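Architecture at a glance
Residue-level listing of the chains:
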Amino acid sequence: MRTTIIGFPRIGENRELKFATEKYFSGELSSEELEDFAKDLRQKHWQLIKESGIDEIPSNDFSFYDTTLDTTCLLNIVPQEVAKLNLTDTERYFALARGYQGQKGDIKARPMKKWFNTNYHYIVPKFEKETNIFVSGDKLFKEYYEAKALGIDTRPVLIGPFTLLQLSEFEPGTDRKKITDQLITAYGEILDKLKDLGAEWIQLDEPSLVKDLTTEELAEFKAIYERLLTDQEIKVLLQTYFGDIRDAYETVINLPFAGIGLDFVEGRKTAELVAQGFPKDKILFAGVVNGKNIWRNHYQQTIETLKDFDQKKLILTTSCSLLHVPFTTENEVFPDEIKQHFAFAKEKLTELVDLATILAGNREALKDNQALFAKTRFTENQAVQKKIRELTEQDYTRKPAFQEREAIQKQAFDFPVLPTTTIGSFPQTREVKLTRAKYKRQELSQEAYDQFIAQQINEWLNWQEKIGLDVLVHGEFERNDMVEYFGQNLSGYLFSKNGWVQSYGTRGVKPPIIWGDVAREKPITVKWSTYAQEQTDKIVKGMLTGPVTILNWSFPREDISLKDSTLQIALAIQEEVLDLEKNGIRVIQIDEAALREKLPLRKTDWYSEYLDWSIPAFRLVHSKVQPTTQVHTHMCYSEFTDIIPAIDQMDADVISFEASRSNLAILDELKAQNFRTAVGPGVYDIHSPRVPSVNEIKETISKILAKVPLEKVWINPDCGLKTRGIPETKASLTNMTEAVKQVRKDL
Ligand code: GLN
Ligand code: ZN
């Protein structure tokens, strides 16, 4: 039985690649030095994979930024505005990823999007009328050579042409057929060239196959591969991940692929599909080790899945690239009792090898694993579990109904028309971050730290009053991160030291781990929220992170459902909401920045698999508050046109969302679908230091008022301001409040 993986974390054990690349950005490393660094890192990783006992090793899964971007550079899919600048290859590559501003020109970065249902992001390729695709890059071949020089015959990995087309943007008027033809020719050349170099296999990643495809899309997939797979001699592995390929299965198994990679972890129907029949002339790459989560594999269950399969036709692999999990547990300081339950990327290599030996008849490794899963991992929280069991429809229902509350709150708050507010955080200056770090390292006393935070809050409250904002915020200076801050105050959460996962480019995230039953240990935000409210007569908004976002930005448990885990978190946040209310906080914002993150890839599963429990979980958090308490929520994007009814069913009183970059297109849809929640479409983009003028904001406001009834509109920026500098923040918000004053006068 052989083993392989789909891809390995490229960032390195200690995020070496990040730091080296950032040194290149700042001019401390030349492009050659960066290349040399990357070469060493790749070697190290290949060697590590080999030494772990993995039989077939991929290459070209490495990337300085993103493999989709690598593919566009390999195939000369470079937009004209970038191509025409006289940039070096390295400059062009990073210009596409991050924009370029220098002697050779000034261009913006290509847009970036979430990679399927992960928190990894890819740079969106763009096909233009003038795009001329050919094999113009050599990274793919170079890496193959590099490994070969080390005596490792790798399987080069490349995103497949179908998924590439699916993920790309097309300039209007671009001839899709021409593009497709050119792509097929170029991929054909790549296959030939790799064959000539001596490669036995190539892996083409086609994750788009796990989405709901139309008949036309499936036909396009089929047509592409029928043309590509003619008498080529290299073996092609069609690799899918992030789900099962359902309707595409028939098509896939009837095409002349030498191997087919299927996801047995997220693909709920994969086992069923394979049981219906798998072609005898192909190899099944069975993705049985979870590439997305950090728990140990349950060996017994895994071998059950595979026991009826012809083992000579089987290669064991991961469910997706290991890029989505941290590097290794070796550097973590968890006690062994805890650590033994985790498998990060490096440990997953050993799991694959273990599974192969077990399937080959050596049961030794199975025993340890069985013992591990037989253990009680943690003490269950019976009280929380009981509460969850006893939840009824009432717990999810806020009373009175929206309209009645709306009237009550109009009276109770008596806000002016177009009430103004911000999304929560104010600039986290170096000073703020340093002070928090010092406190954490216990170099600063509780007293001194509290004094510092209080002083920040006071300054910003005064300033907010001065410019005339209607609903104030305390500024979130005490928080590092909107999930970690809450997780640290919840039982059942664990934090790794070095569990970094690439999010985009050189940016990583360190998701906390939901280890056991979650419960609130003590009040989390009450102290600073009430402190702030006591300083002013204006309303200060309490600020919480919602349960769905907390779940989606953590590594979830696998022993209970996502739903149950989210409900536990929801009950904890509910306690916090009620505590805030009890302490005089009258407006409470519950952020759901990541609500969309785990939306299933198949639209047909959106409600039944996700929204049907995640939206009620949000309601559970605020259902028990008084009618006079106003609940806000916030989302960092406006792409919810397709789930507008679900957003309304969150039953918040007010929702703010990002809108400035999307031309307020969402507003037509809200109107068309009778959206009832009051809305605060962001009136300026906070992702850029640019200061919007008063007139510009006035125009945006009048555009909003053309579509949304005046009494439903709030005025706020797109998102929190923590990443911004103080000068632009103050200038922008001053202009925002001034614009509102003028609009109010003109009404
Ligand atoms: N309240 C948070 C803040 O202002 C919201 C952040 C977010 O939506 N990502 O920072
Ligand atoms: Zn946001």
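Remember, it's a predicted structure, so these values are computed and weren't measured experimentally. (Residues numbered from 1 in each chain as written. Chains lettered and ligands numbered in written order. Predicted model: local features only at pLDDT ≥ 70, side-chain atom pairs only at ≥ 80, totals over all residues. Heavy atoms only, no water.)

1. A closer look at the overall build of the protein chain
From N to C terminus, the protein chain includes 28 helices and 24 strands. Computed over C-alpha atoms, the radius of gyration of the protein chain comes to 27 Å, within 12% of the 27 Å expected from 2.2 N^0.38 for 747 residues, which places it in the range of a compact globule. Dimensions along the principal axes, computed over C-alpha positions, put the protein chain at roughly 75 × 60 × 55 Å. A total of 747 residues make up the protein chain; the buried ones form 59% of that total. A fraction of 78% describes how many contacts in the protein chain between residues 6 or more apart in sequence connect residues 24 or more apart. Accessible area for the protein chain stands at about 30800 Å²; split by element, carbon and sulfur atoms hold 48% of it. Taken as two groups, the 96 positive and 112 negative side-chain charges of the protein chain have centres that lie 2 Å from each other. (Helix = DSSP H or I, 4+ residues; strand = E, 2+ residues; numbered from the N terminus. Rg over C-alpha atoms; globule rule 2.2 N^0.38 Å. Buried < 20%, exposed > 50% of the residue type's maximum accessible area, 1.4 Å probe, protein only. Contact = heavy atoms within 4.5 Å. Areas by Shrake-Rupley, 256 points an atom, 1.4 Å probe, with all protein chains shown as cover. Lys, Arg positive; Asp, Glu negative; His and termini not counted. Charge placed at Lys NZ, Arg CZ, Asp CG, Glu CD.)

2. Points about the side chain of threonine 131
Within the secondary structure layout, threonine 131 lies in the loop between strand S7 (126-127) and helix H6 (139-149). Using a relative accessible area of 5% as the deciding quantity, one classes threonine 131 as buried. At 2.6 Å, the side chain of threonine 131 and the backbone nitrogen of glutamate 128 are in polar contact. The contact partners of threonine 131, leaving out residues within four places of it in the chain, are Asn76, Ile77, Lys126, Lys178, Ile179 and Gln182. (Polar contact = N/O pair within 3.5 Å; in protein donor to acceptor, adjacent residues only side chain to side chain.)

3. Regarding the sheet that holds strand S12 (residues 259-263)
Read across the sheet, eight strands follow the order S1-S14-S13-S12-S11-S10-S8-S2 without closing on themselves; strand pairing throughout is parallel. On the outer flanks of this sheet lie strand S1 (2-3) and strand S2 (58-59), each paired with one strand and no other. Pairing geometry for strand S13 (residues 283-289) and strand S14 (residues 314-318), over five bridges, is parallel. For alanine 286, the partnering residue across the bridge sits in S14 and is leucine 316. Contacting S2 and strand S8 (155-159), H6 runs over the sheet at an angle of about 160° to S8. (Pairing = 2+ DSSP bridges. Axes fitted to C-alpha atoms, helices over the stretch in contact; angles between N-to-C directions.)

4. A look at empty space enclosed by the protein
Sizing a probe to match a water molecule and rolling it over the atoms shows the empty space that remains. This structure, assessed with the given rule, holds ten cavities of 30 Å³ or more. Approximately 220 Å³ is the volume found for the largest cavity. In this structure, the largest cavity is lined by 22 residues; those nearest its centre are Arg10, Thr67, Val157, Asp205 and Tyr241. Of all elements in the fold, only helix H3 (67-74), S8 and strand S10 (201-205) reach the threshold of two or more residues within the lining of the largest cavity. Ranked by residue count, the leading element in the lining of the largest cavity is H3, at four residues. A per-class count over the lining of the largest cavity returns ten nonpolar, eight polar and four charged. A volume near 110 Å³ is recorded for the second largest cavity. Around the second largest cavity sit Phe8, Pro9, Arg10, Leu41, Arg42, His45, Trp46, Ile49, Pro58, Asp61, Phe62 and Glu143, which together line it. (1 Å grid on protein atoms, 1.4 Å probe; cavity = no way out; pocket = protein on both sides within 12 Å on 5 of 7 lines; lining within 4 Å. Points joined across faces, edges and corners; volume = space filled by probe spheres on them. Nonpolar A, V, L, I, M, F, W, Y, C, P; charged D, E, K, R; others polar.)

5. So, the coordination of the zinc ion (ligand 2)
Coordination sphere of the zinc ion (ligand 2), protein contribution only: His634 (NE2), Cys636 (SG) and Cys719 (SG), at 2.1 to 2.2 Å. Of note, the donors binding the zinc ion (ligand 2) are all from one chain and are spaced H-x1-C-x82-C. Placement of the pair is cysteine 636 in the loop between strand S22 (630-635) and helix H25 (644-648) and cysteine 719 in the loop between helix H27 (694-705) and helix H28 (726-746), with a sequence separation of 83 residues. (Donors = N, O, S within 2.8 Å, 3.2 Å for Na, K, Ca; no water.)

6. Comments concerning the UniProt feature "binding site: Zn(2+) 2" (unreviewed entry) in the protein chain
Within the UniProt annotation, "binding site: Zn(2+) 2" (unreviewed entry) is assigned to Glu658. Along the polypeptide, glutamate 658 turns up in the loop between strand S23 (654-657) and helix H26 (666-672). Overall, the relative accessible area of 8% leaves glutamate 658 in the buried class. Discounting chain neighbours no more than four positions away, the residues touching glutamate 658 are Met635, Cys636, Tyr637, Ser638, His687 and Asp718. (UniProt positions renumbered as here; feature names shortened; annotations may be inferred.)

7. Things to note about the sheet that holds S23
Pairing in this open sheet of six strands is parallel, and the strands run S15-S20-S21-S22-S23-S24 from one edge to the other. Edge positions in the sheet fall to strand S15 (471-472) and strand S24 (678-681), since each of these pairs with one other strand and no more. Pairing between S15 and strand S20 (residues 539-545): two bridges, direction parallel. Of the residues in S20, the one forming a bridge with leucine 472 is valine 540.

8. Digging into the environment of arginine 155
Position of arginine 155 among the secondary structure elements: in strand S8. For the pair formed by arginine 155 and proline 58, sequence separation is 97 residues and the distance between their alpha carbons is 4.5 Å. With residues near it in sequence (within four places) discarded, arginine 155 still touches Thr4, Ile5, Ile6, Glu56, Ile57, Pro58, Ser59, Trp201, Ile202, Gln203, Leu237 and Phe285. There is a polar contact of 2.9 Å between the side chain of arginine 155 and the side chain of threonine 4. A distance of 2.9 Å separates a polar atom in the side chain of arginine 155 from the backbone oxygen of isoleucine 5.

9. Some thoughts on the packing of aromatic side chains
Tallied over the full model, the rule gives 33 aromatic pairs. Through successive ring pairs, a cluster of aromatic residues spans Tyr24, Phe25, Phe62, Phe64, Tyr93 and Phe94. In this arrangement the basic side chain of arginine 15 is found over the ring face of tryptophan 500, its NZ or CZ atom lying 3.7 Å from the centre. Its guanidinium or amino end placed over the ring of phenylalanine 25, arginine 98 lies 3.4 Å from that ring's centre, counting from NZ or CZ. (Phe/Tyr/Trp six-rings, centres within 6.5 Å; stacked < 30°, edge-to-face > 60°. Lys NZ or Arg CZ within 6 Å of the ring centre and 35° of its normal.)

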